[in-house]
Amino acid sequence: MEERGQAQNELTGAHEKLKNSMGELESRNREAGTLSEMADLLQSCFTLEEASGVIASSAQKLFRGFSGALLVFSASRNVLEATTTWGPSSPAERVFSPNDCWALRRGRLHHSSSDDGAVRCSHLGPVSRLPSLCTPLMAHGETLGILCLVTEPNGSVCGQPSISEVNVKLAVSVAEQAALSFANLKLREKLRFQSVRDPLTGLFNRRYLDESLERELPNAIRKNRCLGVIMLDVDRFKRFNDTFGHDAGDTVLRELGDYLAKFIRRGDLACRYGGEEFTLILPESSLEDTRRRAEELRTSFQQLFIKHRDIVLGKVTLSLGIASLPDHGTTAVELLAAADGALLRTKEEGRDRVLIAEVAPNRSQ
């Protein structure tokens, strides 16, 4: 009877172990499924915000009893900014210096237990004693941000002094997928920027101008709205290159690009058409409004003092030709040609002025 009881106990123990093993196996399968689903969704994301939302949603399923945050470096790389947070005990700081995180200082995962002697990241808050985990987001040799996890005060893992090895491995897996996704989105955005932006001035290029007009003109015609076009260039631009060198000419173009970006309204479009010639598209702007804006641009820009290597380059003036929909055409080719013709007339009449395009005889009838 004693042997039979012992055997029964051993059988019961084996059954419990098998049951626990099956539970762990099911849990690992769920985690693998969640990771796979997250990876699939990340491949379909177009923006950092979308990817951050996918990661936050998956992290809440993977890390029960945890709060967390996903933080990435700013463009200047001097601070990290939270793209998403979740849970009641998410990190206290939404923006902080890289020096405030031990994981970024060390370049690897940093695990803080609840022990009094544990080294904790200052961005978690001065009074936090909850176990935490900071995992760097690293891809292609570059650190992009961190994934931060903190146990919730009333969570199932709150009573544990440290975070389990399983959760540590999960955090590493999530951080790896997040880093690859962010790196791909960053590269995609860079390629997109290069395809539609002028590298010298940062304004949109001719390709983007053509695409925008193809979209804006039918919309304006359908809604019976005006659209203004301004073609402008720098007067006697060759003089700057001949007198001060081509670097000085580039400085003038950069300054003009920066000024145009600040001058236009929200919804307007500023493009570098080619060389020293630029184009402004002003939706819902009548011919008179376009003329007034062009005159305002001409007078205000020549008041700037442009310097190149501490040398004042002298007065910089602009010549501008304007056209509008529907007075001078209903297609991109017609409007750009009309505005460009007006710009050529400003050169013939002495530069530093604004001229309105002539209306074709067949259009004035």
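Refer to the preceding data block for the structure.
Scoring rules and cut-offs
Residues numbered from 1 in each chain as written. Predicted model: local features only at pLDDT ≥ 70, side-chain atom pairs only at ≥ 80, totals over all residues. Heavy atoms only, no water. Helix = DSSP H or I, 4+ residues; strand = E, 2+ residues; numbered from the N terminus. Buried < 20%, exposed > 50% of the residue type's maximum accessible area, 1.4 Å probe, protein only. Salt bridge = Lys/Arg side-chain N within 4 Å of Asp/Glu carboxyl O. Pairing = 2+ DSSP bridges. Expected span 1.5 Å × (residues − 1). Contact = heavy atoms within 4.5 Å. Polar contact = N/O pair within 3.5 Å; in protein donor to acceptor, adjacent residues only side chain to side chain. Core = buried A, V, L, I, M, F, W, Y, C linked by side-chain atoms within 4.5 Å. Disulfide = S-S within 2.5 Å. Phe/Tyr/Trp six-rings, centres within 6.5 Å; stacked < 30°, edge-to-face > 60°.

Visitor: What is the right way to read unusual backbone geometry from this model?
Guide: With the exception of glycine, the majority of residues adopt a negative phi angle, and the majority of peptide bonds are in the trans configuration. Note that the residue after Leu325, namely Pro326, is joined by a cis bond; omega there is 10°. Structurally, Pro326 can be placed in the loop between strand E12 (318-325) and helix H9 (332-348). At Asn224, a residue that is not glycine, the phi angle is positive and equals roughly 60°. For Asn224, the position within the fold is in the loop between helix H5 (206-222) and strand E7 (227-234). Classification of Asn224 by relative accessible area gives exposed; the value is 73%.

Visitor: When you look at the pattern of salt bridges in this model, what are you seeing that I'm missing?
Guide: Scanning the model with the defined rule gives 17 salt bridges in all. A salt bridge links Glu284 to Arg225, with the nearest nitrogen and oxygen atoms 3.1 Å apart. Within this pair, whereas Glu284 is found in the loop between strand E9 (277-283) and helix H8 (287-301), its partner Arg225 is found in the loop between H5 and E7, the two being separated by 59 residues in sequence. Since its relative accessible area comes to 54%, Glu284 is described here as exposed. In this structure Arg225 comes out as partly exposed when scored by relative accessible area, which is 37%. The salt bridge involving Glu358 is made with Arg345; its shortest N-O contact spans 3.9 Å. Linking Glu358 in the loop between strand E13 (354-356) and helix H10 (361-364) with Arg345 in helix H9, this pair joins segments that are 13 residues apart in sequence. On the basis of relative accessible area, Glu358 is assigned to the exposed category, the value being 60%. Ionic contacts of the salt-bridge type, sharing partners, join the residues Arg77, Glu142 and Lys186 into one network.

Visitor: What exactly am I supposed to notice about the pairing of strand E6 (residues 142-151) here?
Guide: Sheet faces and side chains relate simply in a regular strand, where the side chains alternate between the two faces. For E6, the tally of buried residues reaches eight of 10 residues, placing the bulk of the element in the interior. For strand E1 (residues 66-73) and E6, the ladder comprises seven bridges, and the chain directions are antiparallel. Note that in E6 the partner of Ser67 across the bridge is Val150. Where strand E5 (residues 132-139) and E6 come together, eight bridges link them in antiparallel fashion.

Visitor: What should I look at first to understand H5 in this one?
Guide: Since one α-helical turn is 3.6 residues long, residues separated by three or four positions face the same way. Taking 1.5 Å of rise per residue, 17 residues should cover 24 Å, and H5 covers 24 Å from first to last C-alpha, within 8% of that figure. Within the sequence span of H5, burial applies to Tyr208, Leu209, Ser212, Leu213, Leu217 and Ala220. Where H5 is buried, its residues touch helix H4 (165-196), E7, strand E8 (269-274), E9, E12 and H9. Capping the start of H5, Asn205 holds a side-chain oxygen 3.3 Å from the backbone nitrogen of Arg207, two or three residues further along.

Visitor: I'm lost on the pairing of E8 in this one. Help?
Guide: As defined by bridge partners, E8 adjoins E9 across five bridges and the pair is classed as antiparallel. Residue pairing across strands places Cys271 opposite Thr279, the latter belonging to E9.

Visitor: Can you help me understand the nonpolar core in this one?
Guide: For soluble globular proteins, the rule of thumb is that nonpolar side chains tend to be buried together. Among the nonpolar cores identified, the biggest contains 32 residues, and Ile55, Phe63, Leu137, Val174 and Phe182 are the most heavily contacted of them. If one sorts the elements of this core by residue count, H4 sits on top with 10 residues. For Val174, the contacting residues outside a window of four places in its chain are Leu35, Met38, Ile55, Leu62, Phe63 and Leu147. Formed by 28 residues, the second largest nonpolar core is a distinct cluster that contains Leu232, Phe278, Leu297 and Ile306.

Visitor: Honestly, the environment of Thr279 in this entry has me stumped. Any pointers?
Guide: Here Thr279 shows up in strand E9. In sequence terms Thr279 and Asp340 are 61 residues apart; their C-alpha atoms lie 9.5 Å from each other. Thr279 has contacts with Leu209, Val229, Ile230, Met231, Leu269, Ala270, Cys271, Tyr273 and Leu336, leaving out every residue within four places of it along the chain.

Visitor: Even after reading the chapter, I still don't get the state of the cysteines, so can you show me in this structure?
Guide: When the sulfur atoms of two cysteines share a covalent bond, that bond is a disulfide. Per the counting criterion, the structure on display carries zero disulfides. Looking at the unpaired Cys101, the closest cysteine sulfur is the one in Cys121, lying at 4.0 Å. Here Cys148 is not disulfide-linked; the sulfur of Cys134 is the nearest cysteine sulfur, at 3.7 Å.

Visitor: Any chance you could explain the packing of aromatic side chains here in plain terms?
Guide: The geometry of an aromatic ring pair comes down to the distance between the two centres and the angle between the two planes. Taken as a whole and judged by the stated rule, the model has four aromatic pairs. Relative to Tyr208, the ring of Phe204 lies with its centre 3.9 Å away and its plane at 15°, an arrangement referred to as stacked. Since its relative accessible area comes to 17%, Phe204 is described here as buried. Tyr208 sits in the buried class, given a relative accessible area of 16%. Both rings, one in Tyr259 and one in Phe263, keep their centres 6.4 Å apart while their planes meet at 20°; by these two values the pair is stacked.

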